[in-house]
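# Structural overview for review
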Amino acid sequence: SRSSKRYIPLLTPLLVGRVVVFATCDKEVSEEKKQSLEGESSNNQSSTVTEKQQQQPVEKEELYHGMFPVRQLWKPSKEYPLWDANWDQRQPHPPLEKREDERARQRKIRKEGVTRHLILVRHGQYDETHKEDEKRILTELGREQAHLTGKRLAELLRQTAKHESTNGDDDDENLGGDDDDDPLRCNIRVVRVSNLARAKETAALIAQHLPDGVVLAEPDPLLNEGKPAHTVPSPRPVSSSSIEKWDEHHPRIEEAFQKYVHRREYQEPSDDDDDESDDNTNSSSKNHKHEYEIIVCHANLIRYFVCRALQLPPEAWLRFCNFNCSLTYLTIRPTGSASLRMFGDIGHLP
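What this report covers is the structure whose coordinates are included nearby. (Residues numbered from 1 in each chain as written. Predicted model: local features only at pLDDT ≥ 70, side-chain atom pairs only at ≥ 80, totals over all residues. Heavy atoms only, no water.)

### A look at the packing of aromatic side chains
Think of a pair of aromatic rings as described by two things: how far the centres are apart, and how the planes are tilted against each other in angle. Keep this limit in mind: To pair, rings of Phe, Tyr and Trp, with the six-membered ring standing in for Trp, must have centres within 6.5 Å; the planes then decide the type, stacked if under 30 degrees apart, edge-to-face if over 60, and tilted in the middle. Numbering of helices and strands runs from the N terminus; a helix is a DSSP stretch of H or I covering at least four residues, while a strand is a stretch of E covering at least two. The criterion for a charge sitting over a ring is simple: Lys NZ or Arg CZ within 6 Å of the ring centre, and within 35 degrees of the ring normal.
For the structure on display, the rule yields four aromatic pairs. Arranged with centres 6.1 Å apart and planes meeting at 40°, the rings of Trp87 and Phe257 form a pair that is tilted. Of this pair, Trp87 sits in the loop between strand E2 (68-69) and helix H2 (99-112) while Phe257 is found in helix H5 (residues 240-260), placing the two residues 170 residues apart along the sequence. By way of ring pairs, the aromatic residues Trp87, Phe257 and Phe305 are connected into one cluster. Sitting over the face of the ring of Tyr329, Arg341 holds its NZ or CZ atom 6.0 Å from the ring centroid.

Take a look at the structure:
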């Protein structure tokens, strides 16, 4: 017992030390475990937040009758079927207060101004087996179509020139031209064309049949084919690729419309006006009350241009059908009124 009592004081510090060490170790372990648990909890929380974010639906755009985004619906400046007199942003002045005065001024503009005639031509048949544009050239049939179209345009312009020389400029149904010795030499300003191979080849073949001096303009990429607008009826909802195509193509095609489809600007003649004037005004020549532009482009653009010029919903463009080398004829008077004299005509093709 004495030996036991003797060793107790010696063992006590050792036992206490071990207890302290064990306690410290347990504390350290518990701290590590706590930190580990906290870390796991934090990771779990962040993982949960990420999963929640992924699970949250992406905010969807408001759809027009469940078809396509409302922002992609054409919004006219005036409610259909009202006519917007300043649709091309070229109205020379605001309407006069008195209706009689405004009507008299409109008659004056109609008589003295220049009427624009736009002949829209779709390209000829082409090789669709290639993806590269430079290889998508006209087929033998497409080249034949282009030549026949050039001959038809030359005949059309000859007939309209004769009509004017017979009836004079005061005839409201007069189509244009001048009383030059050559009845074919009516006021053809230019032949415009898109930047795609099939359209450029078609335009070049057509130009061979037109009078000398007619300018074949540089190709304009604004006139390239594309998706001009959504269509009604449409799938519900339209595909994401359709929405992307609208965003890509519509602004360009609308820019092309505003650039090429408009009235000829009218300016009030003054006493000191010379016989010659700026070609962008109404008084370029007393005989040139009509001018022509030929635009060789693509089916979708032609249909969109027609809808916009006639102030019809552009979403109706797919309801029209025009074939290769067909002719579409728009008339725009200096007052801003527009009429469709021909759509998709192929009477010149066999």
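### Thoughts on the sheet that holds strand E7 (residues 327-332)
Whenever strands of a sheet pair, they do so through backbone hydrogen bonds, lying parallel or antiparallel. Selection criterion: Strands qualify as paired when DSSP identifies two bridges or more between them.
Strand order across the open sheet formed by six strands is E5-E4-E6-E3-E7-E8, with mixed pairing between neighbours. At either margin of the open sheet sits one strand with a lone partner, and together these are strand E5 (215-216) and strand E8 (338-345). Here five bridges tie E7 to E8, and the two strands are oriented antiparallel to one another. Residue pairing for E8: Ile332 is matched across the bridge by Ala338.

### Structural notes on the pattern of salt bridges
When the charged atoms of two side chains with opposite charge come close together, those side chains can pair. Convention followed: Only one rule defines a salt bridge in this text: a Lys or Arg side-chain nitrogen within 4 Å of an Asp or Glu carboxyl oxygen. Relative accessibility decides the category of a residue: with a 1.4 Å probe and only protein chains considered, values under 20% of the type maximum give buried, values over 50% give exposed, and everything between is partly exposed.
A complete count under the given rule lists 15 salt bridges for this structure. As a salt-bridge pair, Glu291 and Arg116 come within 3.5 Å of each other at their nearest N and O atoms. Here the residue Glu291 occupies a position in strand E6 (residues 290-297), and Arg116 occupies one in strand E3 (residues 115-122), the gap between them amounting to 175 residues. Residue class for Glu291 comes out buried when judged on its relative accessible area of 3%. Residue class for Arg116 comes out buried when judged on its relative accessible area of 4%. Close ionic contact of Lys259 with Asp220 constitutes a salt bridge, the shortest N to O distance being 3.0 Å. Separated by 39 residues along the polypeptide, Lys259 in helix H5 and Asp220 in the loop between E5 and H5 bring together distant segments of the chain. Look at Lys259 and you get partly exposed, because its relative accessible area is 43%. Counted as one network, the salt bridges with shared partners bring together Arg116, Arg189, Arg192, Arg264, Glu291 and Glu293.

### Some words on the packing of H5 against helix H6 (residues 299-309)
Stated formally: Axis lines are fitted through C-alpha atoms, for helices just across the contact stretch, and the angle between N-to-C directions can take any value from 0 to 180 degrees. When describing relative orientation, an angle under 35 degrees is termed roughly parallel and one over 145 degrees roughly antiparallel, while 65 to 115 degrees is termed roughly perpendicular and anything else oblique. Here a crossing is called left-handed whenever its near helix is offset anticlockwise from the far helix by less than a right angle, and right-handed whenever the offset is clockwise. By definition, residues are in contact when any of their heavy atoms lie within 4.5 Å. In this count, Pro and Cys sit with the nonpolar residues alongside Ala, Val, Leu, Ile, Met, Phe, Trp and Tyr, while Asp, Glu, Lys and Arg are called charged and the others, Gly among them, polar.
Contact geometry of H5 with H6 gives a least axis separation of 10 Å together with a crossing angle of 60°. What the angle tells us is that H5 and H6 run oblique. The hand of the H5/H6 crossing is right-handed. Contacts between H5 and H6 involve His250, Ile253, Glu254, Ala256 and Phe257 on the former and, on the latter, Leu301, Tyr304, Phe305, Arg308 and Ala309. Its residues placed into classes, the contact of H5 with H6 shows seven nonpolar, one polar and two charged.

### Here's the deal with H2
Operational definition: Helix span, expected: 1.5 Å multiplied by one less than the number of residues in the helix. Throughout, the arc means that of the directions going from the helix axis to the C-beta atoms.
With 14 residues, H2 ought to run about 20 Å at 1.5 Å a step, and its terminal C-alpha atoms sit 20 Å apart, in line with that. Within H2, burial applies to Glu102, Arg105 and Ile109. Seen along its axis, H2 keeps its buried residues to an arc of 65°; they face one direction. Turned more than 90 degrees away from the buried face of H2 sit Glu100, Arg103, Arg107 and Lys111, all of them exposed.

### Points about the environment of Thr149
How we decide: Definition of a polar contact: a pair of N or O atoms within 3.5 Å, with one able to donate and the other able to accept a hydrogen when the atoms are protein atoms, and with sequence-neighbouring residues admitted only if both atoms are side-chain atoms.
The topology assignment puts Thr149 in helix H3 (residues 140-167). Judged by its relative accessible area of 0%, Thr149 is buried. It is 8.9 Å that separates the C-alpha atoms of Thr149 and Leu205, two residues lying 56 residues apart in sequence. With residues near it in sequence (within four places) discarded, Thr149 still touches Val121, Ile206, Cys325, Leu327, His348 and Leu349. Among the polar contacts listed, one links the side chain of Thr149 to the backbone oxygen of Cys325, at a separation of 3.5 Å.

### A word on the pairing of E7
Among the six residues that make up E7, six are buried, leaving the element largely enclosed by the rest of the structure. Of the strand pairs in this sheet, E3 and E7 are connected by six bridges, and their pairing is antiparallel. Within E7, the residue paired with Leu118 across the bridge is Leu330. Counting the residues that bridge the hairpin from E7 to E8 gives five residues, and of these Gly336 lies at a positive phi of roughly 100°.

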